[in-house]
Amino acid sequence: MEGALTARDRVGVQDLVLLEDYQSETAFLHNIKKRFKEKLIYTYIGSVLVSVNPYQQLGFYSSYHMEKYQGVNFYEMPPHVYAIGDNTYRSMRNEASDQCILISGESGSGKTEASKYILQYLSVCSASNDKVEHIKGRLLQSNPILEAFGNAKTHRNDNSSRFGKYMDIEFDHKGAPVGGHILNYLLPFTIQVHQASGERNFHIFYQLLEGADEELLSRLMLQKTPDKYFYASQGKCAKVSSINDRRDFLAVQKALKVLEFSPKNIDELLSIVASVLHLGNVSFSANEEGHATVDREHEIQKIANLLGCQFEQLLQALTHRTIEANKEKMESPLTVEQALYARDALSKAIYGRMFNWLVLKLNGSLTSKDRMRKNVIGLLDIYGFEIFKSNSFEQFCINFCNEKLQQLFIELTLKQEQEEYRAEGIEWEPVEYFNNKIICDLVEERHQGIIDILDEECLRPGEATDNTFLSKLEETVGKHPHFITHALGDSKMRKTIGYEEFRLVHYAGEVTYSVKGFLDKNNDLLYRDLKVTMSVSKNEIVKEAFPASELTKLKRPETVGSQFRTSLNRLMDILMSKEPSYVRCIKPNDAKMADRFDDTLVRHQVKYLGLMENLRVRRAGFAYRRTHDIFLNRYKSLCPETWPHYDGPSRKGVDVLCKYLDYKEGEYRLGKTKVFIRFPRTLFATEDAFQIRKHELATIIQSVFRGWRQKKKFITMRNAVTLLSSQWKKILAQRLKEKRKKATLDIRKFILGFMTRLKPRCPENAEFLDYVRYSYLMRVKESLPAGVLDKSWIHSPAALEETGVLLQQLNMKNLMLKYVKGVSPQRKAMMEEKVLASAIFRQKKKGYDESVGNPFQDKPKVEQLKPKMLATIDSGEQALYCCSVTKFDRHGYHPRSRTLIITSGATYLFDSKDGKLKQKISHNELRGISTSSLGDNVFVLHAPSDNKEKGDAIVQSTFVIETITKLARIAKKDQDVKIVDNSSILHDMTGGKQGRIDYVVGNEVSVTKTKTGLVVVAPAR
């Protein structure tokens, strides 16, 4: 804790005892607020833990944090609920004494969560084995059940405990939990029949409706909609965002099974819950005589079936009352108002007794059967002081409980302080504090206290009302300084107190109570007829909760107030027998919002929790105390005589240290085992000096350590370099030796292999041959041909000639396969034409070799044709090839410029100038194609020569190879192409005549007319 004092200006002090202005409530609040803003929700007042509800999940409840707090000094770690749990557990084990932890605060302040964290911590830090883990599981599983049946949503808290719970956890001599026991106090069942807007009934009602399956709901005659049930819908907030009723119902069912509730018990328990829901829907109306009658009797039938009682008997008990006078019994009909009271009283009685049965059943499951001596840690989770706009009987009981706890708290705190001072041999200085025994006596004193006066009014004959009770109070305790009514107050007081109200001056402030309903709530009577009906129920839980023996008792049942006083006094006895620890819970705001701190609301809670009173008691003497060893070990560096080691007793060392620090005589005292410092400023000055000294010491330690580390590093590096150098030289020499040896052997093998290379494979030449093969393959790999036209191949060794041939063939096949796969459909068609040209002209005609590298026309250049030409082509056909040619006519062989167009059906010759069709040769009638083997461009298309046709066509084309190939392919006349070798070509003319084309070998290409026909001069092949 001392280590955190350096940040006190930013986050406040961890222990409020160290506040300089400890009398100031403003300084108290400011310190808590600073810590809350930094998400430090825990603060100490000595050994008391103050917890502020953060309304958000914080990251310091993990198993890692639990381990950090195990077995450490209470003030060694920052304030935490785990520290309280650990200190309590260690005290229980080390001292073999019973302990208890008192958790208090108003609704919504986080009491239930604090008790859960403590229970979880105790289950983790205690000894463990399979049996113990089973017990731990049971203890933890009791929480979901108690929360479901005893908690509800209120304006202040979505999971408000509506009862005070005290749980004893039993431990064996090894510190392992072996069992537990639960006590409950004042469950205000008025919430069961009446809820304000924005509030809910107990969780179990909504969990059952939301989480039960259809089969269970059908058996209980329920529907999933809470709005259909009066007891579940008055607050109009059945759905709450922070609550998952379906998941919680599954958790309750699991917990009931873990705690060994039989299926029958669970079924009967849920039947009772369902019957209470149905009871709320029972309504009454008055008949002609003004007597109450049930509006919907089928609701009574449902309740009777669920509770296992007679329908007629239950119906009669809800509308009639048996009165006994002069040993004669008579039935008296109830009014509507009385019937509603009977209905609500039955609901509260059934649920209340069921809850008590549930607690007894849990105790039966948790209680250890071992009779060996056990130590216990008690957890008290009880409601805090309540001051509402309208305060009634419930607030009166709750506030009386807090008065008793405050009285116990102050007495035990003073006692603890006095015992510590006495043990340390320090004189005790009397402490002034507000002793609230006077208020406790006002409430509980026999025959003179408010509870006994209330009982008298409930029991006396005659017409007793809430107002007569108020008058009786004024007569009996009217002169008490802490009691005021409208009649007893002065004119100023009367303006703030109603005629039906009284005011008590509690330790936490003035609270005004309305007496309306005090008598009814204190009596909480259940008509005998209803008890009789319940006592014969077939539901075992109901039958056990309403024993028949109760009907034979003539004594009037004890009132609620008396029962509460008795149980509270029993609780005080339990707490007085144990060593207490305290957790005071504070709610920072009413909106349940994170990071919001309402100063007025917190100030009010600080007052009624008695925190300032506790601080004043704790600070009446000395603000700080620590054992001599701890104090000396922390601050010994501030004095030359105690640093770095002090050989004498630690008490003497602390005395030397305090004198060196110039502590004044009144600022400190030395006890037998502890040093006591009166003022926080003295401790703060010491801590600040220690922080400065730490930096000085750190510098010295750092410089010495750096020099030592560098020297050590140098020596280590020097030795390492020497060792590495010697080893490396050794390794290099060994490597060189091995390298030379290997080289010698390799050279020897290579020479021997070369000498025997021509012999069959043997051990002498195997490696050499493998090397030759490998090197040959590597050279082949590096010099593979780039394409199919590349016929090069490296020379093969004699032994690998066959291999070289095979590899060359495989490589060529691979190249060809790659080439073929890479050829597109257009390219393929072009290549097929080239193949056809090769078949026709290769080694037959001059000029073919030069045309191989020139691609043929891919698509006809239709855009160059005249529209008239395209229109003349037969319908359904299209130009597949076209080119410009020269045609020699058959009468004079005059050259004419023509356009040749080939379609799938015919070949057309058009006048290139006017586009007029000059000749059409059908492919079916085309008899052949002739050309010479010379390098000329002339060819003849042999066509019919009757009267209608013009005969053969003599054509000269620049692209003669391409044109003939295209025509042969399209007309399918590749077998009809004739190539003459240095000879003449005869051609037919109209009228059956024939002409001749003579070919003459020459250097220049020319076409001339002669008497016999044409003479073509061209180079030979």
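Residues numbered from 1 in each chain as written. Predicted model: local features only at pLDDT ≥ 70, side-chain atom pairs only at ≥ 80, totals over all residues. Heavy atoms only, no water.

Overview of the overall build of the chain
Across its full length, the chain holds 36 helices and 31 strands. Relative to the 2.2 N^0.38 estimate, which gives 31 Å for 1021 residues, the radius of gyration of the chain is 57 Å and therefore markedly larger than a compact globule would have. With the principal axes as the frame, the chain shows a C-alpha extent of 170 × 105 × 65 Å. Residues classed as buried in the chain amount to 50% of the 1021 residues present. Within the chain, counting contacts between residues at least 6 apart in sequence, those at least 24 apart form 63% of the total. Counting every atom, the chain has about 51700 Å² of accessible surface; 52% of that belongs to carbon and sulfur. (Helix = DSSP H or I, 4+ residues; strand = E, 2+ residues; numbered from the N terminus. Rg over C-alpha atoms; globule rule 2.2 N^0.38 Å. Buried < 20%, exposed > 50% of the residue type's maximum accessible area, 1.4 Å probe, protein only. Contact = heavy atoms within 4.5 Å. Areas by Shrake-Rupley, 256 points an atom, 1.4 Å probe, with all protein chains shown as cover.)

Quick word on the sheet that holds strand S17 (residues 624-627)
Across the sheet, 3 strands lie side by side as S17-S19-S18; this open sheet has antiparallel pairing. At either margin of the open sheet sits one strand with a lone partner, and together these are S17 and strand S18 (668-670). Averaged over all pairs of adjacent strands, the angle between their axes in this sheet comes to 15 degrees, without regard to strand direction. Direction of pairing for S17 relative to strand S19 (residues 674-677): antiparallel, over a ladder of 4 bridges. Note on S19: the bridge partner recorded for Arg625 is Phe676. This element, helix H16 (residues 393-424), spans S17 and S19 of the sheet and lies at about 120 degrees to S19. (Pairing = 2+ DSSP bridges. Axes fitted to C-alpha atoms, helices over the stretch in contact; angles between N-to-C directions.)

Here's the deal with the sheet that holds strand S29 (residues 994-1001)
The 4 strands lie next to each other as S28-S29-S31-S30, forming an open sheet whose pairing is mixed. Among the strands making up the open sheet, the edge pair consists of strand S28 (984-988) and strand S30 (1006-1009). Across this sheet, the average inter-strand angle for adjacent strands is 20 degrees, counted without regard to direction. As paired strands, S30 and strand S31 (residues 1013-1018) are joined by 4 bridges and run antiparallel to one another. Looking across to S31, one finds that Ser1006 is bridged to Val1017.

Re a nonpolar patch on the surface
Together, Ile747, Ile751, Leu752, Phe754 and Met755 make up an exposed nonpolar region whose accessible area comes to about 500 Å². Mapped onto the secondary structure, Leu752 falls in helix H30 (residues 680-755). Given a relative accessible area of 32%, Leu752 falls into the partly exposed group. (Patch = residues over 30% accessible without salt bridge, like charges linked within 9 Å, V, L, I, M, F, W, Y side chains within 5 Å. Salt bridge = Lys/Arg side-chain N within 4 Å of Asp/Glu carboxyl O.)

Regarding the pairing of strand S1 (residues 42-45)
Side chains of S1 alternate between two faces, with Tyr42 and Tyr44 and Thr43 and Ile45 buried alike. Sheet topology places S1 next to strand S2 (residues 48-52); 4 bridges connect them, and they run antiparallel. In the sheet register, Thr43 faces S2, and the bridge partner there is Val50. Between S1 and S2, which pair antiparallel in sequence order, lie 2 residues; one of them, Gly46, sits at a positive phi of approximately 70 degrees.

Examining the packing of aromatic side chains
A complete count under the given rule lists 28 aromatic pairs for this structure. Ring centres 6.4 Å apart and planes at 75 degrees place the aromatic pair Tyr69 and Tyr82 in the edge-to-face group. One end of the pair, Tyr69, is in helix H3 (residues 63-69); the other, Tyr82, is in helix H4 (residues 81-95), and 13 residues separate them in sequence. Here the guanidinium or amino end of Lys361 rests over the ring plane of Phe261, the centre of that ring lying 5.8 Å away. In this structure, Arg757 is placed above the aromatic ring of Phe754, and the distance from its NZ or CZ to the ring centre is 4.0 Å. (Phe/Tyr/Trp six-rings, centres within 6.5 Å; stacked < 30°, edge-to-face > 60°. Lys NZ or Arg CZ within 6 Å of the ring centre and 35° of its normal.)

A short note on the pattern of salt bridges
Summed over the entire model, instances satisfying the criterion amount to 35 salt bridges. Note that Asp590 and Lys587 form a salt bridge whose closest N and O atoms lie 3.0 Å from each other. On the accessibility criterion, Lys587 (0% relative accessible area) is buried. With a shortest N-O distance of 3.0 Å, Arg927 and Asp988 are connected by a salt bridge. With Arg927 in the loop between strand S23 (917-922) and strand S24 (928-932) and Asp988 in strand S28, the pair connects residues that are 61 residues apart, well separated along the chain. Given the relative accessible area of 18%, Asp988 is considered buried.

What to know about the environment of Arg634
In this structure, Arg634 sits in helix H28 (residues 628-635). Look at Arg634 and you get partly exposed, because its relative accessible area is 24%.

A look at the nonpolar core
Within the largest apolar cluster, 204 residues are counted, with the highest numbers of intra-cluster contacts made by Phe28, Phe149, Phe396, Phe502, Leu575 and Phe631. If we ignore the near neighbours within four places in the chain, the residues touching Phe149 are Phe202, Ile204, Leu269, Val273, Tyr351, Met354, Phe355 and Leu358. (Core = buried A, V, L, I, M, F, W, Y, C linked by side-chain atoms within 4.5 Å.)

Section: the environment of Ser123
Within the element layout of this structure, Ser123 appears in helix H5 (residues 111-125). Sequence separation between Ser123 and Ala176 is 53 residues, and the spatial gap between their C-alpha atoms is 8.7 Å. Within the local environment of Ser123, its side chain forms a polar contact with the backbone oxygen of Gln120, the two atoms lying 2.6 Å apart. (Polar contact = N/O pair within 3.5 Å; in protein donor to acceptor, adjacent residues only side chain to side chain.)

Looking at the packing of H28 against helix H29 (residues 650-660)
As a packed pair, H28 and H29 sit with axes 9 Å apart at the nearest point and diverge in direction by 45 degrees. Judged by the angle between their axes, H28 and H29 are oblique. The interaxial crossing formed by H28 with H29 has left-handed handedness. For the pair formed by H28 and H29, the contact residues are His628, Asp629, Phe631, Leu632 and Tyr635 on the first element and Ser650, Arg651, Gly653, Val654, Leu657 and Cys658 on the second. Class assignment of the residues belonging to the contact of H28 with H29 gives a composition of 6 nonpolar, 3 polar and 2 charged. (Parallel < 35°, antiparallel > 145°, perpendicular 65-115°, else oblique. Left-handed = near helix turned anticlockwise from the far one by under 90°. Nonpolar A, V, L, I, M, F, W, Y, C, P; charged D, E, K, R; others polar.)

Section: H28
Every buried residue belonging to H28 is among His628, Phe631, Leu632 and Tyr635, and all of these are buried. The arc enclosing the buried residues of H28, seen along the axis, measures out at 95 degrees, which places them on a common side. (Arc of directions from axis to C-beta.)

Describing the pairing of strand S20 (residues 881-888)
Remark: a regular strand shows side chains that alternate across the two faces of the sheet. In terms of burial, S20 is a largely internal element, 6 of the 8 residues being buried. With 8 bridges connecting them, S20 and strand S21 (residues 895-902) associate as antiparallel partners. Among the inter-strand pairings, Tyr881 is bridged to a residue of S21, identified as Ile902. As consecutive antiparallel partners, S20 and S21 are separated by 6 residues, and within that stretch Gly892 has a phi angle of approximately 105 degrees, a positive value. Sheet topology note: the S20/strand S26 (residues 953-956) ladder contains 3 bridges and is antiparallel.

Comments concerning the state of the cysteines
Within the structure shown, the criterion is met by 0 disulfides. No disulfide involves Cys882; its sulfur sits 7.2 Å from the nearest other cysteine sulfur, which is in Cys883. For Cys882, a relative accessible area of 7% translates into the label buried. (Disulfide = S-S within 2.5 Å.)

What to know about the side chain of Ser535
By secondary structure assignment, the location of Ser535 is in helix H22 (residues 528-535). A residue is classified by how much of its surface remains accessible, and Ser535, at 8% relative accessible area, is buried. Only 2.7 Å separates the side chain of Ser535 from the backbone oxygen of Val532, close enough to count as a polar contact. Dropping the residues within four chain positions of it, Ser535 is found in contact with Lys543, Phe546, Ala548 and Leu551.

A look at unusual backbone geometry
Note the cis peptide between Trp643 and Pro644, where omega equals 0 degrees. Following the sequence through the fold, Pro644 ends up in the loop between H28 and H29. Positioned with a positive phi, His447 is a non-glycine residue whose angle comes to about 70 degrees. Backbone geometry at Lys592 places phi at a positive 55 degrees, although glycine is not the residue there. The topology assignment puts Lys592 in the loop between strand S16 (579-586) and helix H26 (599-608). A residue is classified by how much of its surface remains accessible, and Lys592, at 25% relative accessible area, is partly exposed.

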